[in-house]
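Structural features, examined
Single-letter residue listing:
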Amino acid sequence: MEDKQTPLQLPPPKDGTPDCQPYATLTDGTLRSRLSPAASSHAEPDTVEASSNNSPQPVTLKVEIDDGSTNNEKLTETVTFPHLSNDAPTSPKQPAYHAHSDGEDEERATAKSFPRSTSPASAAQRNRGAVYQKVGEEGVCQMHRFSLYETASRYYLVGGDVVDRKFRILKIDRTADSGDLSIAEDDIVYTKKEMNQLLNTVDDGNRASGGLKLKCSTWGLLGFIRFTGAYYMLVITKRSQVAMIGGHYLYQVDGTELVSLTMSSSSRFKVDRDAEEARFIGILSNLDLSRSFYFSYSYDITRTLQHNIVRERQAMRQGNADSSLKHRNSMFVWNHHLLSPASEALKNTYDWCLPMVHGFVDQATLSVYGRTIHITIIARRSRFFAGARFLKRGANDLGYVANDVETEQIVSEMLTTSFHAPGPELFCNPNYTSYVQHRGSIPLYWTQDNTGVSPKPDIELNLVDPFYGAAALHFDNLFERYGAPIFVLNLVKSRERTPRESILLREYGNAISYLNQFLPTDKKIHYKAWDMSRASKSRDQDVIGTLESTAEDVMTRTGFFRNGTYESGELSMQNGVARTNCIDCLDRTNAAQFVIGKRALGHQLHALGIISDTSIDYDTDAVNLFTHMYHDHGDTIAIQYGGSHLVNTMETYRKINQWTSHSRDMVESFKRYYNNSFLDKQRQEAYNLFLGNYIFVQGQPMLWDLSTDYYLHHTDPRSWSGSRRKNYIQWFTPEHLDGPAMPEDTKPQGYLSGKSLGFFDEYWFEYYRPLALSSFQKMFSYKMNSTLRVRDGHEHASPDKGQQRKGVTITDTGEEISEDQKTQPAYSVPQSKRALPSWLQSQLGEQPPPQHSILKSSHAKSKDGSSQVEAAKEKKALKDKSAVTQWTLDQFVTNSLNPSVADTEAHEYQRYISHPLNLPLVVTADMPPNPKLEFLGYVNSISADAVNSMHSTDDDLADYAEFLDIGEDPLTVTEADTAKKRYKAYRQWVKGKSLFKQRVDP
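The name an unreviewed UniProt entry gives the protein is SAC domain-containing protein, with Letharia lupina as the organism. As recorded by UniProt, the Subcellular location (unreviewed entry) comment attached to the protein reads in full: "Endomembrane system".

This is how it looks when you write it as structure tokens:
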């Protein structure tokens, strides 16, 4: 819609048709024309310019927008409609009020700004008596998109709900003193018309200083941060959908922008003039917020599905209308430091700011005979004691461990989308199941000094605590989060030439033994230590089999969560958790967690009635898809902590595809060593600055001047030295051992009784998007990874989880470069779609993507334009025999997994099997009536001597009779049988001679 387009008046009808209002009303997003057919035929613009091809001209009409306001006034705007014609469409420009069709997603990556339009000033005066809706009343939706406007002295942040019906505004002062944050929150909920009038009023009041201008459009506000002077505002500029749970979308942050809250002209603070401020901004830029950061508007991504369901049902039982989204788990909120200034200045912090988690999110579809199953993996990384590999080891004095990651797998059958069961029974859908695992460093005081050149530095126990205080605090926190029992799977090495990991093995075992002696019998920590690295290198140990038995033991002790009611008997709770660790909590830990997750997947599918047993075989569609998801999960966690992908994958421990995995493991080991030696310090500084571990104070050392960040991650001894210490015997909290309990009554009580479903859950507007035009090809649920796409032969694609990497293409010097390749840069950015995994390519019959190599492609042509056969012959002359052998092995594996028979081979085989059936039976010595020329030639070529020699002699008949004479026990060789010809080889074997002749070259 054009903002300042003058409405054109239409002439009265000429045929005596009763006059009607020649405009359309846009009500609830639906365009309804009020023009009668006769009036529509006379609706013409005032001025029509004749075109050269006499094509019909568009018609401009007045449009009134009914945006749900309480008064009867409507906002008048103009819309240009194309004239109806019988001609073929010529792909005109799409009007602004139509649903966009660009891109491949249902929503754009960048947010759309608030549609402002000018209106008479008298309209704002007549609207003074309107009844405004307040925040907290029924019907107020969560804001999903924001527009940031600026004047010379303020920022105005306008937020709108998912259907663009209700809006709110936030004022941020730009003239405040350095270090102060002045924010004014408006509690009034505006309609689109009212918000438009408010912005026009602000624009009119600031005409002298430049008016109101649009700064940017954002998807959310992450918070406020300051370094040495004024505050900055961090906003989300790009996003992408990565998962859908219960009708609520989970998004990945693809782009952010840091907006300064100071005035560019009169501020005393200048970024380009302050070297310290610029250096802080440079350190923060080392943290890539566009990789592996996730958020959601209406689903608490910081907590597990079981916790969210229990909390919602407890709130309904207590009649508590307080939103559950306000009670986030701060342990996984990575922008907690940025939210602190907002929480002090705003009454409703989470209405404007979005909590953000760091980790991994992926979702795929499993199709089983028409039943759609969604498998979702969510990994949440703790912000406490977070950092790089060698810089953060063990635990701090508060019990938080390094590389603390909570992994949840949600398996749901999509018969219904929401968390609610028919009835409706709120938050009782039995088609949702989940299972949670935990990984984390060994909770002891230990470090590794990587200042040297050794890729495996020595392990040092810095503090020997006889009461194991750090481990006690850590396991008490696990009891609080997951309940009891806790199954600890320790995978560190037990036997080494130089003791490194084995030092921690003994100390960790002593800590578990000490803590267990004070726990109740049924709540003790189950500890299992197993040298997985040694077992994988041994030929007489089955790594996968041992992990499978351990996984079944874990599932028996902890169980898994399935939603439902007590009356139906479908409800089950997970009490306890499996805690897995190795020395880095990366390679071995990910393989063990995969096997436990695979066993849990079998139990979840069995509970949903998909399979009859609780186990799933390897190399099936479900396990291959799950393996691919867990491999991406392990790679992402490894990059965040270690700086490289997984070194040892499931293929390594299953001992498959070792030809290619060995070279890959060596490359990843070198990348991890390089990152740990040269880049981890910069990454650690970015973590400390973003998480608020370091806060600038005048007179204190700068972040880059600190020799160690030990004091940033441990508490000040003066803060707790005077307080009473915790009991060394009762180190745990007894209430935490019971675990979560699901309320039996699922009906809302008190104030909540009688409320509609939309009051509790607004999934309908977020997922089904009423009043919006959608297409299946662009919806996330139809584009996610799926085994159904494999069977149908569709392309398997999903959004790229990480940032696009630059790739270098190595070409052979003897190969010509095409014109297209000449125009391309040396560094090419790959497509955003993730390639098919090898197991999916083999099932689809597709060739894997070409690998960049110094070898020419088998489909390339030579310089003189020769054929592919000649190009293949040139390969044989290459000196790199190992590369040729590797290529041959790959082709052999591909052909073995995808057997095929050519048409010529099929025809030859058909002739082979049909030939004996076409031979005539010889029953007489006479010549056949119509002999073939080949038969006559063969008969005439036989001489008489040859025919005479064909007669059998007496010796031949005796030998033949001997072969026909078979004893009662033909398998037993007697003494009389040794002289027979048939036992000649047996006699040689008895004498000790070889059965095969070996030729020895001179």
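1. Some words on the overall build of the protein
A count of helices and strands for the protein gives 31 helices and 28 strands. Residue burial in the protein is summarised as follows: out of 1002 residues, 44% are buried. Across the protein, contacts joining residues at least 24 apart in sequence account for 70% of those joining residues at least 6 apart. Accessible area for the protein stands at about 54,500 Å²; split by element, carbon and sulfur atoms hold 52% of it.

2. Digging into the packing of helix α12 (residues 587-607) against helix α13 (residues 621-642)
Two numbers describe how α12 lies on α13: the axes approach to 10 Å, and their chain directions differ by 145 degrees. Note on packing geometry: the crossing formed by α12 with α13 is right-handed. Each of N590, Q593, F594, G597, K598 and L601 in α12 lies in contact with α13, whose residues at this interface are V623, F626, T627, Y630, H633 and G634. Across the contact of α12 with α13, the residue classes break down as 5 nonpolar, 6 polar and 1 charged.

3. Considerations on the pairing of strand β16 (residues 357-368)
Within β16, 11 of the 12 residues are buried, which leaves the element mostly enclosed by the surrounding structure. Bridge count for strand β15 (residues 293-295) against β16 is 2 bridges, and the pairing is antiparallel. In the sheet register, Y294 faces β16, and the bridge partner there is V357. Examined bridge by bridge, β16 and strand β17 (residues 371-381) share 10 bridges and lie antiparallel to one another. Each residue of the ladder has a partner; that of D362, found in β17, is I377. From the end of β16 to the start of β17, which pair antiparallel, there are 2 residues, and Y369 there has a positive phi angle of about 50 degrees.

4. Some remarks on unusual backbone geometry
The step from A484 to P485 runs through a cis peptide bond, and the omega angle for that step is 5 degrees. Mapped onto the elements of the fold, P485 is located in the loop between α8 (469-482) and β22 (486-490). Here C585, not a glycine, exhibits a phi torsion of approximately 60 degrees, which is positive. Tracing the backbone shows C585 in the loop between β25 (577-581) and α12. Using a relative accessible area of 1% as the deciding quantity, one classes C585 as buried.

5. Quick notes on the nonpolar core
With 51 residues, the main nonpolar core has Y435, M532 and L605 as its most contacted residues. Broken down by element, this core gets its largest block of residues, 9 residues, from α13. I225, L689, F696 and M702 belong to the second largest nonpolar core, which has 38 residues in total.

6. Brief notes about the packing of aromatic side chains
What the rule picks out here adds up to 28 aromatic pairs. Judged by centre distance (5.2 Å) and plane angle (80 degrees), the rings of Y514 and F518 are edge-to-face. Among the residues examined, Y514 registers a relative accessible area of 15% and is labelled buried. Judged by relative accessible area, F518 falls into the partly exposed class, the value being 24%. Above the plane of the ring of W219 lies R239, whose end atom (NZ or CZ) is 3.4 Å from the centre.

7. A word on the pattern of salt bridges
For the coordinates displayed, the defined rule picks out 25 salt bridges. Measuring nitrogen to oxygen at the nearest pair gives 3.3 Å for the salt bridge that ties R599 to E552. Of this pair, R599 sits in helix α12 while E552 sits in helix α11 (residues 543-558), placing them 47 residues apart in sequence. A salt bridge links R911 to E908, with the nearest nitrogen and oxygen atoms 3.4 Å apart.

8. Concerning the pairing of strand β19 (residues 432-439)
Burial of β19 is extensive: 8 of the 8 residues sit out of reach of the surface. Judged by which residues are buried, β19 turns out to be covered on both faces: Y432, S434, V436 and H438 on one side and T433, Y435, Q437 and R439 on the other are all buried. Of the pairings in the sheet, the one linking β19 to strand β24 (residues 561-562) comprises 2 bridges and is antiparallel in character. Within the sheet, the bridge partner assigned to S434 lies in β24 and is F561. Bridge count for β19 against β25 is 3 bridges, and the pairing is parallel. Along β25, the bridge assignment pairs Q437 with A578.

9. Some points on the confidence of the model for the protein
Within the protein, residue pLDDT values average 75, and 69% of them lie at 70 or more. Ignoring residues within four places in sequence, the model shows residues 1-56, a span with pLDDT below 50, making 82 contacts including any to other chains. Low pLDDT, under 50, characterises residues 61-75; the predicted model gives this stretch 56 contacts beyond four residues in sequence or across chains.

10. Some points on the sheet that holds strand β6 (residues 143-150)
In spatial order, the strands read β9-β8-β7-β6-β11; together these 5 strands make up an open sheet with antiparallel pairing. For this open sheet the edge positions go to β9 (183-185) and β11 (213-218), each flanked by a neighbour on one side alone. Ignoring strand direction, the axes of neighbouring strands in this sheet form an average angle of 20 degrees. Pairing geometry for β6 and strand β7 (residues 154-161), over 7 bridges, is antiparallel.

11. Considerations on helix α5 (residues 305-318)
Helix length check: α5 (14 residues) gives 20 Å between terminal C-alpha atoms against 20 Å at 1.5 Å per residue, within 8%. Most of α5 is tucked away, with 10 of its 14 residues classed as buried. Summarising the contacts, the buried residues of α5 are in contact with β18 (405-413), β19, β24 and α19 (757-760). After α5 finishes, the residue G319 shows a positive phi value of roughly 70 degrees.

12. Let's talk about helix α4 (residues 275-285)
All buried positions along α4 are accounted for by E277, F280, I283 and L284. Each buried residue of α4 sits inside an arc of 120 degrees when the element is viewed along its axis, so together they form one side. Within α4, the exposed residues directed more than 90 degrees away from the buried face are A275 and S285.

13. Description of the packing of α8 against helix α9 (residues 501-516)
The packing of two helices is summarised by the inter-axis angle and the distance between the axes. Relative to each other, α8 and α9 sit at 65 degrees, their axes nearing to 10 Å. Crossing hand, α8 versus α9: right-handed. Contacts between α8 and α9 involve A471, A472 and F475 from the first element and Y508, I512 and L515 from the second. When grouped by side-chain class, the residues that make up the contact of α8 with α9 number 6 nonpolar, no polar and no charged.

14. Here we look at a nonpolar patch on the surface
A cluster of nonpolar side chains, contributed by F670, Y674, F678 and L679, occupies part of the molecular surface with about 440 Å² of accessible area. Note that Y674 resides in helix α15 (residues 658-678).

15. Thoughts on the side chain of N431
Looking at where N431 falls in the secondary structure, it is placed in the loop between β18 and β19. On the basis of relative accessible area, N431 is assigned to the buried category, the value being 12%. Other than its neighbours up to four places away in sequence, N431 contacts V411, S412, E413, L415, T416 and L608.

16. Here's the deal with the environment of N624
You can see N624 is positioned in helix α13. Take N624: its relative accessible area is 12%, and that puts it in the buried class. Between the C-alpha atom of N624 and that of T787, which follows or precedes it by 163 residues, the distance is 9.5 Å.

17. Quick look at the side chain of S434
Following the sequence through the fold, S434 ends up in strand β19. If sequence neighbours within four positions are ignored, S434 has contacts with L305, Q306, E408, Q409, I410, F560, F561, Q574 and Q604.

Reading the values: the criteria
Residues numbered from 1 in each chain as written. Predicted model: local features only at pLDDT ≥ 70, side-chain atom pairs only at ≥ 80, totals over all residues. Heavy atoms only, no water. UniProt positions renumbered as here; feature names shortened; annotations may be inferred. Helix = DSSP H or I, 4+ residues; strand = E, 2+ residues; numbered from the N terminus. Buried < 20%, exposed > 50% of the residue type's maximum accessible area, 1.4 Å probe, protein only. Contact = heavy atoms within 4.5 Å. Areas by Shrake-Rupley, 256 points an atom, 1.4 Å probe, with all protein chains shown as cover. Axes fitted to C-alpha atoms, helices over the stretch in contact; angles between N-to-C directions. Left-handed = near helix turned anticlockwise from the far one by under 90°. Nonpolar A, V, L, I, M, F, W, Y, C, P; charged D, E, K, R; others polar. Pairing = 2+ DSSP bridges. Core = buried A, V, L, I, M, F, W, Y, C linked by side-chain atoms within 4.5 Å. Phe/Tyr/Trp six-rings, centres within 6.5 Å; stacked < 30°, edge-to-face > 60°. Lys NZ or Arg CZ within 6 Å of the ring centre and 35° of its normal. Salt bridge = Lys/Arg side-chain N within 4 Å of Asp/Glu carboxyl O. pLDDT = per-residue confidence, 0-100. Expected span 1.5 Å × (residues − 1). Arc of directions from axis to C-beta. Patch = residues over 30% accessible without salt bridge, like charges linked within 9 Å, V, L, I, M, F, W, Y side chains within 5 Å.

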